[in-house]
Structure formats: structure tokens, C-alpha cells
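Here is what each chain is made of, one letter per residue.
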Amino acid sequence: MRGSAPVPDIQEIVLTARETRRPDRVIRRLVSEDGATDDLGLLTRLAGHRDLLPVRLLDALAGVRPRRGSPVTVVRRPRPDEDVGPTPRHWRLRGRTATAAHDLWLALVSLQVGEPVCWQTLQDGRLFNDVLPIKGQEHAQTGHSSAATLDYHVEDAFDDDRCDVLALLCLRNRDLTATTVATAGGLHVGTADHELLRRPRFAILPDPEHLKANGTADVSPAWRPVLFGDAQPCLRIDPPFTRTAPGDDASAQAFARLCRQLEGGLVHVRLHPGDLVLIDNYRAVHGREPFTPRYDGTDRWLRKLTLTFDLRRSSGRRRAGSRALSLS
Ligand SMILES: [Fe+2]
């Protein structure tokens, strides 16, 4: 393996006020008619409004599902008018309609690349999840931490039914705390490491959020490869939760070398309110730099939506702990 870090492959689209005027107008109308977003009918109606988005954005998104082009897409836009109110101290305390217009913008863009899915074991099975700091979880390896770095990872790497794409929309980010990303395309993995990393010698434990909701700490993870894919390299990695078998030093060392390379390739994406990022969960990893929480309503606040390319496969393979919504 060569020591150089992978070159990140990120595309960025910056929309103008003129380009967001029409979708914003329609979203405002839908919100005033319905008022909430965790509603299948509302999202289904939204899916029919593809023509609201500028062609240049649709062109950029067209490569996401076939996994052509950049694994990370940042979509920036003028700051939306709608006030979301203070950042709640806990995801359970979010006002039901506070983020409706923002959620629909996130959904409108996300629906161009996949179908939303969610977990019953995360945030009471809500389709849109909140990423915000929670008191007492400052050092957790979850989206509710703050003071600790959220290490780079594949979303829900422990599960075969993980999402294809992770979408994050920024509602508030006063300190411009960075989301970190690294992509698999530029990895330089030597033949010996490549062979080791493609073998099912790595166990990935579920993160604490899933375990808490299941009320169990008793899990026996399956052994999986961390590298796979023929045409292009794909990753399945979550370093803090990954174990190798006792005595399997060769796999552990190959894994450590891969981790160092990804770490060195991390780039900072700083999202402003209204900006969103779509991350291919097979070809990129993501994390977050640390920040100091204030718990005064001004903390960093993102909304998260996870997407699948193949809902039938997802539904067929989903475990008791997950649920999927069909928009077709
Ligand atoms: Fe994540």
C-alpha cells in the first residue's frame, strides 16, 4: 500500500435564488395544506414535482443511482426564509411542523436519487431524523455527540440492509462545524492488503443507538469484508465498532493501514443553513469534527434522510428492527 491519501471526489452545485423560487413556492403551499412531513401522501405528491428542480441539478444527480461520477454531492442554495425556531435539546422535543418546509426541500432533492427508508430502532422510527447535540452524549460515537470527533464511518455499516445514500440538510451551523468525508475511489491498497480486506474477517457491532432502542447489548455480528465491489471499490467500515478475530494480526494490520489512509483523505464540508449533502454510503465515509455545545437553542442542527436504490430488496431483507416506506 502506498502512503498517499485518497483524493476526494466531491461535486458541488450552487443554486441561485431564481432557481429555488419555484420549488420554495410549491413547498410552502404543500406545507400550508398539510402542515407535517412524516406523511406518505405528502411525500408522494412531492415526488411528482421533479420538474421544479433546475435541469443542471437533475443532471448532476443523475449519476448518483448508477454510481457514476462523484460519490459526494453538495447542493448549496440561498438561505431559506422559514424559521425553524431554537435547536431542541433532544430530538423528542422538536416541534412537529417546525422543520416542514426544510424537510420537503431535503425530500425533493433526495427523491431524485432514491427512496427514503428508516429504522424503528432510531428516533422512534421517524422518517426524518435529527442530528443535534444532546447533553450527556458529548463523547458518544453518534450524531448526538459534540465534544468528541465523530469518527468517519459508513452509515449503519453493521447491517447488510444499510442505506445506499445518506442525505443531510443543514438547518443551523453557527460555528460552521465541518462534516468530514473521504471517498474510496482514490484508495491505494496493495495486493496483499486488498486480499485480506476482501475476506469476511471483520465484525462490525451495531452502534449504541440501535442497541438502546432494542434494549439489548447482546449481539453476535456476522463476519464481513470491509472492501468489496468489482468495477469500483466499495467500503463497509466503522472503525470504533470493528473487531478482528484474536490472533488475526494480518487482518488487523491491513485494516489499520486502510484506516490511516481514509483518515488522511478526510476533507471538511462546511454546510450553511439550506445546504445539503448526499453521500454514497458504499463509496464514501463521513464523520464530523468536534465542537463545543451550548445547549441554548443555537447549536448545530441537521436533518437526516436515508435512501435506498431498491426498496423491494430492502423490504425483503429488512430485519425486525427496521421499516421502509414506499413512495411508488
Ligand atoms: Fe453517520
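Before going into details, it helps to say that this report is about the structure given with it. No experiment lies behind these values; they were computed from the predicted model shown.

## Quick notes on the coordination of the iron ion
Then step 1. Distances from the iron ion to its protein donors, namely H153 (NE2), E155 (OE) and H286 (NE2), fall within the range 2.0 to 2.2 Å.
Then step 2. When the donor residues of the iron ion are listed from N- to C-terminus, their spacing reads H-x1-E-x130-H.
Then step 3. Taking the relative accessible area as the measure of exposure, H153 reaches 10% and is therefore buried.

## Observations regarding the nonpolar core
Considering soluble globular proteins, one finds that nonpolar side chains tend to be buried as a cluster.
Then step 1. Judged by nonpolar contacts, the single largest core of 42 residues is most densely connected at L46, L57, W105, V109, L276, L278 and L305.
Then step 2. Those elements that place two or more of their residues in this core are α1 (17–34), α2 (40–47), α3 (55–61), α4 (100–110), β6 (165–172), β14 (276–280) and β16 (301–308).
Then step 3. The element that contributes the greatest number of residues to this core is α4, accounting for 7 residues.
Then step 4. Judged by nonpolar contacts, the second largest core, of 24 residues, contains W119, Y152, A184 and C259.

## So, the environment of W301
Then step 1. Positionally, W301 belongs in strand β16.
Then step 2. Judged by relative accessible area, W301 falls into the buried class, the value being 1%.
Then step 3. Spatially, the C-alpha atom of W301 lies 5.1 Å from that of R172, the residues being 129 residues apart in sequence.

## Considering the sheet that holds strand β15 (residues 284–288)
Then step 1. Here we have 4 strands laid out as an open sheet, ordered β5-β15-β7-β13, and antiparallel in their pairing. Lying at the two open borders of the sheet, with one neighbouring strand each, are β5 (150–153) and β13 (267–270). If you compare each strand with its neighbour and ignore which way they point, the axes differ by 25° on average.
Then step 2. Pairing of β5 with β15, which is carried by 2 bridges, proceeds in the antiparallel orientation. By the bridge assignment, H153 is partnered in β15 with H286.

## Some details on the pairing of strand β7 (residues 178–183)
Both faces of the sheet carry side chains from a regular strand, because those side chains alternate between them.
Then step 1. Extensive coverage of β7 is indicated by the burial of 6 of its 6 residues.
Then step 2. A two-sided burial pattern is seen for β7, the buried positions comprising A178, T180 and A182 on one face and T179, V181 and T183 on the other.
Then step 3. Direction of pairing for β7 relative to β13: antiparallel, over a ladder of 4 bridges. Within β13, the residue paired with V181 across the bridge is V267.
Then step 4. As defined by bridge partners, β7 adjoins β15 across 5 bridges and the pair is classed as antiparallel. Within β15, the position partnered with V181 by the bridge is H286.

Reading the values: rules and limits
- Residues numbered from 1 in each chain as written.
- Predicted model: local features only at pLDDT ≥ 70, side-chain atom pairs only at ≥ 80, totals over all residues.
- Heavy atoms only, no water.
- Donors = N, O, S within 2.8 Å, 3.2 Å for Na, K, Ca; no water.
- Buried < 20%, exposed > 50% of the residue type's maximum accessible area, 1.4 Å probe, protein only.
- Core = buried A, V, L, I, M, F, W, Y, C linked by side-chain atoms within 4.5 Å.
- Helix = DSSP H or I, 4+ residues; strand = E, 2+ residues; numbered from the N terminus.
- Pairing = 2+ DSSP bridges.
- Axes fitted to C-alpha atoms, helices over the stretch in contact; angles between N-to-C directions.

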